[in-house]
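# Coordinates in review
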Amino acid sequence: MNGTTGQSSHRDRVWSVAEHLDDVLSKIHPLEPIELQLLDAQGCVLVEDVTVPLALPPFDNSSMDGYAVRVADVAGATPEFPAALTVIGDVAAGSGEAPAVGPGEAARIMTGAPVPPGADAVVPVEWTDGGSGQGPAAAMRAHSAAPQDAAGEVRVHRPATAGAHIRTRGSDVSAGESALRAGTVLGPPQIGLLAAIGRGSVRVHPRPRVVVVSTGSELVQPGEALGPGQIYDSNSFQLTAAARDAGAIAYRVGAVADDAETLRATLEDQLIRADILVTSGGVSVGAYDVVKETLTDLSAEEGSVEFRTLAMQPGKPQGFGLIGPDRTPLLALPGNPVSSYISFELFVRPAIRTLMGLPDAHRETLRAECTEAVTASPAGRRQFLRGSYDPEAGTVTPVGGASSHLIKALARANALIIVPEDTTEVAAGSTVDVVPLG
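Quick summary incoming for the structure in this document. Since the model is a prediction, treat every value here as computed from it, not as a measurement.

Definitions and cut-offs
- Residues numbered from 1 in each chain as written.
- Predicted model: local features only at pLDDT ≥ 70, side-chain atom pairs only at ≥ 80, totals over all residues.
- Heavy atoms only, no water.
- Pairing = 2+ DSSP bridges.
- Helix = DSSP H or I, 4+ residues; strand = E, 2+ residues; numbered from the N terminus.
- Contact = heavy atoms within 4.5 Å.
- Axes fitted to C-alpha atoms, helices over the stretch in contact; angles between N-to-C directions.
- Parallel < 35°, antiparallel > 145°, perpendicular 65-115°, else oblique.
- Left-handed = near helix turned anticlockwise from the far one by under 90°.
- Nonpolar A, V, L, I, M, F, W, Y, C, P; charged D, E, K, R; others polar.
- Salt bridge = Lys/Arg side-chain N within 4 Å of Asp/Glu carboxyl O.
- Buried < 20%, exposed > 50% of the residue type's maximum accessible area, 1.4 Å probe, protein only.
- Phe/Tyr/Trp six-rings, centres within 6.5 Å; stacked < 30°, edge-to-face > 60°.
- Lys NZ or Arg CZ within 6 Å of the ring centre and 35° of its normal.

## Thoughts on the sheet that holds strand S3 (residues 45-46)
- With antiparallel pairing, the three strands of this open sheet are ordered in space as S2-S13-S3. At either margin of the open sheet sits one strand with a lone partner, and together these are strand S2 (34-37) and S3.
- In terms of strand pairing, S3 meets strand S13 (residues 201-205) through two bridges, oriented antiparallel. Considered in S13, the bridge of leucine 46 is made with valine 204.

Structural data, given as structure tokens:
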């Protein structure tokens, strides 16, 4: 990856958060739709309207374990004077043809079983003696243990109204009705509905594949022993988890040493399975900022990555571009853990959600009362403080300081507090913008 791109005219510019985000999203579009099996489509966005091919339920069925009866035969039934009916057989869920219920007859029926011809109500087993000839039954005996209960006589202690405990055909949805609209995010209930109407697969925008690479010769895999000057690689774990939380299929590559050739080879290898590449570290102005060194000057065939200064804290240095033969988006984030995570929330998460085809890629911004004062916010920069947000009280409390290495404070926060560029102090009790992270 060598060559020049002529980016020098942009390098001295300070970008606002909104300008950088708009530029990122302007170059990202929803992934091409594909057909996926139902469980593989979970979390994806539907790209087609789905109509119901058959009524739900497809036949009248019982909502209770009990007896299918004729209303006329149990009218006036009481515990003292029960209606005695002849049991003509069992109707279990999945039964084909059921026996017709005639005058003075009943069919023992299970929940979900089709209502037999002639019956116009179901009485729960608790309204009967269960065929025991004694008092009210609490439940049916298992067929294997008492096959005789499928015949004989049952006493019904209460009357029933027409249609009682019967789920009628089409009472959920009729054939030809709309089931789901294009743009629906497929969660468990939607997957269940698709299965219920017989759809085995659907067309969706697939979940994007995000490859996360952290850089730094000082980084060590958690679980291994630390040497002098080394720290554990937290960014690749944090960002991979964040990508999954955003709805992506995320791959963690791990830490790459501060060597341009190694990083170049790693990125080229990962392009084959990436819809987005995310790097952390190596984007500032140091002599060992390997991401910047590797990606600043790419050939025309390799793409283009621009490194920018943003008017924000934390997360001032950012990189973005399109690389490889398919012009895969690459977002280069700073290496401090808080800077890296906040940058992900602001820029990578909306990019992932845009690739998914979601109508709104952004987290909701709310207003809340700040319970503590913010005494020093840098002029000209938008500051993102970590906060503990209480939605019931409508309040938010800053957590930890502004430093970008305070990962413990980040782990205790559930929101970001936004301090605008033209605000240097926030008095306790003031109203601020808050972005909940949950």
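## Focus on the sheet that holds strand S17 (residues 249-256)
- Pairing is mixed in the open sheet, where seven strands are placed in the order S1-S19-S21-S22-S18-S14-S17. Edge strands, defined here as strands with exactly one partner in the open sheet, are strand S1 (14-15) and S17.
- Bridge analysis of strand S14 (residues 209-215) against strand S18 (residues 276-280) gives five bridges, and the strand direction is parallel. Note on S18: the bridge partner recorded for serine 214 is serine 280.
- Here helix H5 (residues 235-245) sits on the sheet and contacts S14, S17, S18 and strand S22 (328-333); the angle it forms with S17, its principal contact strand, is near 170°.
- Together, S14, S17, S18 and S22 form the strand contacts of helix H6 (residues 260-270), whose direction differs from that of S17 by roughly 165°.

## Notes on the pairing of strand S7 (residues 83-91)
- Bridge analysis of S7 against strand S10 (residues 153-156) gives four bridges, and the strand direction is antiparallel. Bridge pairing in S10 links threonine 86 to glutamate 153.
- By the bridge criterion, four bridges tie S7 to strand S8 (residues 105-109) in an arrangement that is parallel. Opposite valine 87, over in S8, you have alanine 106 as the bridge partner.

## Some words on the packing of helix H2 (residues 17-26) against helix H8 (residues 337-355)
- Contact geometry of H2 with H8 gives a least axis separation of 10 Å together with a crossing angle of 30°. By the angle between their directions, the pair H2 and H8 is classed as roughly parallel. As H2 packs across H8, the resulting crossing turns out to be right-handed. On H8, the residues that touch Val17, His20, Leu21, Val24 and Leu25 of H2 are Leu346, Phe347, Pro350, Ala351 and Thr354.
- Here the contact of H2 with H8 is built from residues that sort into eight nonpolar, two polar and no charged.

## Topic: the pattern of salt bridges
- Per the counting criterion, the structure on display carries 16 salt bridges.
- We note a salt bridge from arginine 199 to glutamate 48, for which the minimum N-O separation is 2.8 Å. Placement of the pair is arginine 199 in the loop between helix H4 (188-196) and S13 and glutamate 48 in the loop between S3 and strand S4 (50-51), with a sequence separation of 151 residues.
- Accessibility expressed as a relative area gives 25% for arginine 199, which makes it partly exposed.
- Residue glutamate 345 pairs with arginine 363 through a salt bridge whose shortest N-O separation is 2.6 Å.

## Side note on the environment of arginine 412
- One can find arginine 412 in helix H9 (residues 407-412).
- Sequence separation between arginine 412 and glycine 387 is 25 residues; the distance between their C-alpha atoms is 8.2 Å.

## Focus: the packing of aromatic side chains
- Evaluation of the coordinates by the stated rule reveals zero aromatic pairs.
- Above the plane of the ring of tryptophan 15 lies arginine 13, whose end atom (NZ or CZ) is 3.7 Å from the centre.
- The ring of tryptophan 15 has arginine 308 lying over it, and the distance from NZ or CZ to the ring centre is 3.7 Å.

## Things to note about the pairing of S8
- Taking burial as the measure, the five residues of S8 include four buried ones, the bulk of the element.
- Pairing analysis gives three bridges linking strand S6 (residues 66-69) to S8, with the strands arranged antiparallel. If you follow glycine 66 over to S8, its bridge partner there is isoleucine 109.

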